[in-house]
Amino acid sequence: MKSFRPYHHPLSFSEKAMQERVDAYFELMDRRRSLRHFAERPIPRDVIEKIILTASTSPSGAHKQPWTFCVVGSPEIKKAIRQAAEEEEYENYHGRMSDAWLKDLEVFDTDWHKPFLEKAPWLIIPFKKLYDVKEDGIHTKNYYVNESIGLACGILLTAIHQAGLVALTHTPSPMRFLQKILKRPENERPFLVIPVGYPAAGAEVPELTRKSLEEIACFY
Ligand code: IYR
């Protein structure tokens, strides 16, 4: 069934205004950093809800929006997630990750301890939906599920940053334990664990630089 309406373009600028806006937006986004140290200060649930709605404005294959954003504020569930994540990470840091990988991680000073999983007021855990299950139990296809959830998570991170909050894109793999703890259905798979909060007082981040335009873009 086709049903169209006129597109009302919400943003229209002169080239000068456009240049100023892209410059300002770059400055804002260039200050985003992944944080591993969170304050325990709470964040209103309404804020997190709106951030998730913003993420869900993302494009997705055939507009299926193949995602569920699980949000954990419960201290008991955060504790269970931390315990399970640390068990996996212990194995990762003691044999499952290659020497080259461990060397690449040295600058981040990470190890298997994951206190941020309890400290951050909220954990957002996006699940990708491999397929949908309709009320009658029929399975329907989703498309480009990895691309879709990745795009939505990118928008989620920009919304978190824009709110003045910080986050970490954490991957305590294998992540199947999240499916069990959060009792998610068989068609869903955890994609990331994203603690969200305020930075801890005195929090530090590694000195990193970003690649230049020449390194990341080719114009033809
Ligand atoms: N998941 C582990 C290891 C890790 C892997 C990558 I790639 C990173 O960029 C950072 C960490 C951990 O969270 O410690």
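The coordinates are above.
Please read these numbers as outputs of a predicted model, since none were measured by experiment. All residue numbers here refer to positions counted from 1 along the written sequence of the relevant chain. The model is predicted, so local features are restricted to residues of pLDDT at least 70 and side-chain atom pairs to those at 80 or more, both for listing and for counting; the totals for chains, interfaces and linings are taken over all residues. Calculation of side-chain values draws on the structure's entire complement of heavy atoms; hydrogens and water are dropped beforehand.

Draft legend 1. A look at helix α2 (residues 45-55). Buried residues of α2: Ile48, Ile51, Ile52 and Ala55, and no others. Buried residues along α2 cover an arc of 100 degrees about the axis, so they all sit on one side. For α2, the exposed residues set more than 90 degrees away from the buried face come down to Asp46, Lys50 and Leu53. Working rule for contacts: check all heavy atoms of both residues, and any pair within 4.5 Å makes them a contact. Under the DSSP-based scheme used, a helix requires at least four consecutive residues in state H or I and a strand at least two consecutive residues in state E, with every element numbered from the N terminus. Along its buried surface, α2 packs onto β1 (67-72), β2 (122-129), α6 (145-162) and β7 (194-197). Relative accessibility under 20% of the residue-type maximum defines a buried residue, over 50% an exposed one, and the middle range a partly exposed one, all with a 1.4 Å probe and only protein chains included. Within this analysis, the arc is defined by the directions that extend from the helix axis to the C-beta atoms.

Draft legend 2. Region of interest: the packing of aromatic side chains. The rule is short: rings of Phe, Tyr and Trp, with Trp giving its six-membered ring, pair when the centres are within 6.5 Å, and they are stacked under 30 degrees, edge-to-face over 60, tilted in between. One pass over the structure, following the stated rule, counts two aromatic pairs. Ring geometry for Tyr90 and Trp112: centres 5.2 Å apart, planes at 80 degrees, overall edge-to-face. With Tyr90 in helix α3 (residues 75-96) and Trp112 in the loop between α4 (99-105) and α5 (116-119), the pair connects residues that are 22 residues apart, well separated along the chain. Judged by relative accessible area, Trp112 falls into the partly exposed class, the value being 26%. Think of it as a cone above the ring: NZ of Lys or CZ of Arg counts as a charge over the ring if it is within 6 Å of the ring centre and within 35 degrees of the ring normal. The side chain of Arg41 reaches across the aromatic face of Tyr198, ending 3.9 Å from its centre. Positioned over the ring face of Phe127 is Arg184, at 5.9 Å from the centre of the ring.

Draft legend 3. Focus on the packing of helix α1 (residues 15-30) against α6. Axis separation between α1 and α6 bottoms out at 10 Å; the angle between their running directions is 90 degrees. One way to sum up the angle between α1 and α6 is to call them roughly perpendicular. Here α1 contributes Tyr25, Leu28 and Met29 to the contact with α6, which in turn contributes Thr158, His161 and Gln162. Residues of the contact of α1 with α6, tallied by class, amount to three nonpolar, three polar and no charged. In this description, a line fitted to the C-alpha atoms serves as the axis of each element, helices being fitted only across the stretch in contact, and the angle between N-to-C directions of two axes falls anywhere from 0 to 180 degrees. Small angles under 35 degrees read as roughly parallel and large ones over 145 as roughly antiparallel, with 65 to 115 read as roughly perpendicular and the rest as oblique. Amino acid classes used here: Ala, Val, Leu, Ile, Met, Phe, Trp, Tyr, Cys and Pro are nonpolar; Asp, Glu, Lys and Arg are charged; the rest, including Gly, are polar.

Draft legend 4. Region of the structure containing the pairing of β2. The buried fraction of β2 is high, at eight of eight residues. Along β2, one buried face is formed by Trp122, Ile124, Pro126 and Lys128 and the opposite face, lined by Leu123, Ile125, Phe127 and Lys129, is buried too. Should DSSP find at least two bridges between two strands, the strands are taken to pair. Judged from the six bridges that link them, β1 and β2 form a sheet pairing that is antiparallel. Within β2, the position partnered with Val71 by the bridge is Ile124. Where β2 meets β7, three bridges bridge the pair, whose relative direction is antiparallel. Within β7, the residue paired with Leu123 across the bridge is Pro195. Bridging between β2 and strand β6 (residues 188-190) involves three bridges; their strand directions are antiparallel. Bridge pairing links Lys128 to Arg189 in β6.

Draft legend 5. View of the site of the ligand. Throughout, near means a residue has at least one heavy atom within 4 Å of the molecule or strand. In the vicinity of the ligand, the contacting residues are Arg36, Glu89, Tyr93, Met97, Trp101, Leu105, Asp111, Lys114, His170 and Thr171. The separation between a nitrogen atom of the ligand and a polar side-chain atom of Glu89 is 2.8 Å. Computed with a 1.4 Å probe, the accessible areas rest on the Shrake-Rupley method; for each residue, only the protein chains presented here act as cover. Starting from 380 Å² of accessible surface for the ligand in isolation, the protein chains cover 72%. Only α3 and α4 provide two or more residues apiece to the shell around the ligand. Its residues assigned to classes, the shell around the ligand shows four nonpolar, two polar and four charged. The term polar contact refers here to a pair of N or O atoms within 3.5 Å; inside protein, the definition further demands a hydrogen-donor-capable atom paired with an acceptor-capable atom, and it admits residues adjacent in sequence only when both atoms are side-chain atoms.

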